[in-house]
Number of protein chains: 2
Amino acid sequence: MHIILLSGGSGKRLWPLSNEIRSKQFIPIFKCEDGTYESMIQRVYRQVKSVDPDATVTIATSKSQVSAIRNQLGDGVGISVEPCRRDTFPAIALSVAYLHDVQGVGLEEPVVVCPVDPFVEDDYFVALRRLSALAEEGTANLTLMGIEPTYPSEKYGYILPRAKGEVSAVSTFKEKPTVKVAEGYIAQGALWNGGVFAFKLGYVLRRAHEIIDFKDYTDLFAKYASLTKISFDYAVVERERSIAVMRFGGIWRDLGTWNTLTEAMSEPTMGKAILGDGCEGVSVINEMNVPVLCMGLKDVIVAAAPDGILVTDKEASGRIKPYVDGIEQQIMFAEKSWGRYRVLDVQDESMTLKVTLKAGQSMSYHAHAHRDEVWTVVAGEGETLVDGMAQAVHPGDVITILAGCKHRVKARTELTLIEVQLGREITVQDKTKYPEP
Amino acid sequence: MHIILLSGGSGKRLWPLSNEIRSKQFIPIFKCEDGTYESMIQRVYRQVKSVDPDATVTIATSKSQVSAIRNQLGDGVGISVEPCRRDTFPAIALSVAYLHDVQGVGLEEPVVVCPVDPFVEDDYFVALRRLSALAEEGTANLTLMGIEPTYPSEKYGYILPRAKGEVSAVSTFKEKPTVKVAEGYIAQGALWNGGVFAFKLGYVLRRAHEIIDFKDYTDLFAKYASLTKISFDYAVVERERSIAVMRFGGIWRDLGTWNTLTEAMSEPTMGKAILGDGCEGVSVINEMNVPVLCMGLKDVIVAAAPDGILVTDKEASGRIKPYVDGIEQQIMFAEKSWGRYRVLDVQDESMTLKVTLKAGQSMSYHAHAHRDEVWTVVAGEGETLVDGMAQAVHPGDVITILAGCKHRVKARTELTLIEVQLGREITVQDKTKYPEP
């Protein structure tokens, strides 16, 4: 089975754990049997592989997520990087071209596309395999998964099948309705459209060539910024008459809000938390190193992270976006290909960070025009390169880097350093990369 | 008027803003007209001085509070330092001896004793002046303030006056009752005992000499640790027949819990806070540098500080103590005579702090046996002394201090440095002070 997982969005709805550079799918939030935590993307990847060890998984995403994906899933996964955002049709076309031209998937082979963020059990992936098999049979050009509704939701589009069997031709699609209208659809046997579908690779590639003038993956990638924004629904689904739907009755939860996310957590708290006196239906997700104490609360979610603290009634949690849009702030935490950093302190003319590099990793060789930096190694062993001079470093070593000075550190074992930045203009933009000498 | 303010307690009830070394009376929580914030002790001191500019104020407290008192009130206030905790009678005896022997207050002069933490208006201090005048008249040996109850509280002792006038002899004292019993007391005209009383200095000094064998203030201070713990009520009040009570009908609120404290705040939020969608009766006190976002909450208090995060229903907030007793943690913030520090990061073998010294201040010259330190100056100008060698320091300067090395920094202007501590045994106990060479 070939799966394309669509991994998009900046995920402000899960602030303060998600932010502009850390999307919700990367937050380690689901407890595993061994006591560690996995993220949505790790969970989905693990589930795909347990149902179909031979499945090839390709993640369609933006450049900003590549480091986090490599950190969390390793090198076994394919990544189709969108150079910029151009809606779902160009994104799917690019990853289909990637599958064909980079991974060598044949035109007759089936491909399944699904979002990365629903919370599902293994039976969902068994259903994806069946969806893939239906696409391979080729009865319809496009085979959608229709999810059996559990309530008349306003959040989803609906699919009306012609017949009641497991697989049926599609009669019609309906946009997100009101609750009242949704009740009517459900009475007619409608299914939720969860954005999951399968097709033969060649089918979407043909449609892509009809709409976009490109030679191959490399060419499409190169001209990606010039493409018109167009959704897959508009470009393909609405113009296609040969569409089937396969019904799915298993667990399927959309983890788009704090409320649905905490419902999917196996335990009420994560991190240092004390649920005291009279707490009922309280969820705490605490990424800070100090305790959260809750007393006498009902149906409240508390989320604490370096970027901020959220305290919300469960029902109200879905209305977070406009508030987060109004918060202008320094990014306080980031995951990078080489490790991670956290901002510890911000002042007018200085900033203090904790930087951790994974064993064997190195940051790029670079310089800053407008700030000095002082590194104090606090854990691990490594090697610094400062203006061409290499030096082994250990805990307690201090490296002073003046503005203009080229520098990098490479970790032999996992290495942590405290970085003090000093200057009047401290910005992430002030960074010039150089090749190592 | 001579006032002794009793400033005790570690104030776990206001965690995470108060902790073992930072009591509730020092938290800047009341908004002033100029937009700055003042603490309970600053508010009380300001109010005393505005009602009676000539009042001498003496604070009876423990050693750990001296720095905070000097920082917040300056040098105009007297401090009677209890070398250790020995209950209220030794504490009051010590401060009365301090007033007599150090401040030169005469035996016939009246003294008023009151706790530092009730939330009151100026009329309370006018009443204290009247209480002082009554003590000076000498009709009774001891004159108490009786507060007119606003509800049948279980939290206070009650005073039953003989008559209904403004001043009356006391008929009897009652211990903290049940609500039912309190209702009966109030029907009989009982008043709350707020722990406020006045006397002629010589009266308490005589009682002290009868109970404790000591010469003068210096002698009493020296033998303080050997004194028996005994309350002022038990040692004095219960044995005295000549007691009067003066009624007070103004605003008097006990700020012992988050609920009463937030009621006394003039604004619902302090620090970075957003009260969103459907919040009613929500109070936020945020000492962190990142925002707190609240949505859909009713009657909830959120308090965020370097030590932790509290989210509590207002009614439940009074039951905090056992939970806080169960939290074992590093002190993350402290106020010192020379400035303040905040712990930014804690790891197995390192700790990172931000240290700020006030202009003109210096830390003591000291050394650590088991840790190295690295200072990076990030703001201000000053002078370091390291193993006898003085050096002017500016932002960007780095000072490396190996274990065993004597060191201190002195601030010329307000000076901030990032201190990285490195070692296997990092403790506050590992510190030896030396005289400067």
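For the structure, check the block above.
Residues numbered from 1 in each chain as written. Chains lettered and ligands numbered in written order. Predicted model: local features only at pLDDT ≥ 70, side-chain atom pairs only at ≥ 80, totals over all residues. Heavy atoms only, no water.

Undergrad: Provide a residue-level description of the relation of the copies chain B and chain A, including the pertinent values.
TA: You can overlay chain B on chain A at an RMSD of 0.1 Å; the transform is a turn of 180° with a shift of 0.1 Å along its axis. The transformation relating the two chain copies, once decomposed into turn and shift, fits a two-fold axis. Of every C-alpha in chain B, the one belonging to Leu-344 of chain B sits nearest the axis of rotation, 2.9 Å from it. Taken together, the interface assignments show that 98% of the residues at the interface of chain B recur at the interface of chain A, consistent with an identical surface on both copies. (Least-squares fit on C-alpha atoms with pLDDT ≥ 70 in both. Contact = heavy atoms within 4.5 Å.)

Undergrad: Describe in detail the packing of aromatic side chains, supporting the description with residues and values.
TA: Per the stated rule, a full pass over the model turns up 28 aromatic pairs over all chains. Residues Tyr-156 of chain B and Trp-252 of chain B carry aromatic rings whose centres are separated by 5.3 Å and whose planes lie at 70° to one another, so their mutual orientation is edge-to-face. Taken as a pair, Tyr-156 of chain B in the loop between β8 (142-147) and β9 (157-161) and Trp-252 of chain B in strand β13 (residues 252-254) lie far apart in primary sequence, 96 residues in all. Comparing Tyr-156 of chain B with Trp-252 of chain B shows no difference in burial state: the two are buried. Aromatic ring contacts, followed pair by pair, group Phe-89, Phe-197, Phe-199 and Phe-232 of chain A into a single cluster. Cation over ring: Arg-239 of chain B sits above Tyr-234 of chain B, and NZ or CZ is 4.9 Å from the ring centre. (Phe/Tyr/Trp six-rings, centres within 6.5 Å; stacked < 30°, edge-to-face > 60°. Helix = DSSP H or I, 4+ residues; strand = E, 2+ residues; numbered from the N terminus. Buried < 20%, exposed > 50% of the residue type's maximum accessible area, 1.4 Å probe, protein only. Lys NZ or Arg CZ within 6 Å of the ring centre and 35° of its normal.)

Undergrad: Lay out helix α4 (residues 122-137) of chain A with the relevant residues and their values.
TA: Between its terminal C-alpha atoms α4 of chain A stretches 23 Å, which fits the 22 Å expected from 16 residues at 1.5 Å a residue. Taken from the residues just after α4 of chain A, Gly-138 of chain A is the one with a positive phi, measuring 80°. (Expected span 1.5 Å × (residues − 1).)

Undergrad: Summarise the sheet that holds strand β20 (residues 333-336) of chain B; cite the residues concerned and give the values.
TA: All names here are of chain B. Ordered in space as β20-β21-β22-β29-β24-β27, the six strands form an open sheet in which the pairing is antiparallel. Two strands close off the open sheet at either side, each with one partner strand: β20 and β27 (398-401). Across this sheet, the average inter-strand angle for adjacent strands is 20°, counted without regard to direction. Relative to strand β29 (residues 415-422), strand β24 (residues 372-379) runs antiparallel, the two being bridged by seven bridges. Looking at β29, one finds that Trp-375 is bridged to Glu-419. Helix α2 (residues 66-73) contacts β20 and β21 (339-347) of the sheet and is inclined by roughly 70° relative to β20. (Pairing = 2+ DSSP bridges. Axes fitted to C-alpha atoms, helices over the stretch in contact; angles between N-to-C directions.)

Undergrad: So what's going on with unusual backbone geometry? Which residues, and what values?
TA: The omega angle of the peptide bond from Trp-15 of chain A to Pro-16 of chain A is 5°, so this bond is cis rather than trans. By the secondary structure assignment, Pro-16 of chain A is in the loop between β1 (2-6) and β2 (30-31). Its identity as a non-glycine residue notwithstanding, Asp-87 of chain B has a phi of 65°, on the positive side. The class for Asp-87 of chain B is partly exposed, based on a relative accessible area of 40%.

Undergrad: Before we move on, could you go through the interface of chain B and chain A and cite the residues and values that matter?
TA: At the junction of the two partners, chain B supplies 51 residues and chain A supplies 51 residues. The junction of chain B with chain A conceals about 4,000 Å² of combined surface from both sides, 69% of it contributed by carbon and sulfur atoms. Interface area lost by chain B to chain A is led by Leu-293, Met-295 and Ile-309 of chain B, which between them contribute 17%. Connecting chain B to chain A are four salt bridges. (Buried area = accessible area lost by both parts, 1.4 Å probe. Salt bridge = Lys/Arg side-chain N within 4 Å of Asp/Glu carboxyl O.)

Undergrad: Can you tell me about empty space enclosed by the protein, naming the residues and giving the values?
TA: Residues and elements named next belong to chain A. This model, assessed by the stated rule, comprises four cavities of 30 Å³ or more. Of the voids in this model, the largest cavity is the one considered here, and its volume is about 70 Å³. If you trace the largest cavity, you find it lined by Ile-21, Arg-22, Ser-23, Phe-26, Ser-64, Gln-65, Ala-68, Phe-333, Ala-334 and Glu-335. Grouping the amino acids of the lining of the largest cavity by side-chain chemistry returns five nonpolar, three polar and two charged. (1 Å grid on protein atoms, 1.4 Å probe; cavity = no way out; pocket = protein on both sides within 12 Å on 5 of 7 lines; lining within 4 Å. Points joined across faces, edges and corners; volume = space filled by probe spheres on them. Nonpolar A, V, L, I, M, F, W, Y, C, P; charged D, E, K, R; others polar.)

Undergrad: Got a sec to walk through the packing of helix α1 (residues 40-51) of chain A against helix α2 (residues 66-73) of chain A? Specific residues and values, please.
TA: All names here are of chain A. For the pair α1 and α2, interaxial distance at closest approach is 10 Å and the crossing angle is 50°. Regarding the angle of α1 to α2, the classification is oblique. As for the relative orientation of α1 and α2, their crossing is right-handed in sense. Along the contact surface, α1 presents Ile-41, Gln-42 and Tyr-45, while α2 presents Ile-69, Gln-72 and Leu-73. Among the residues forming the contact of α1 with α2, the class breakdown is four nonpolar, two polar and no charged. (Parallel < 35°, antiparallel > 145°, perpendicular 65-115°, else oblique. Left-handed = near helix turned anticlockwise from the far one by under 90°.)

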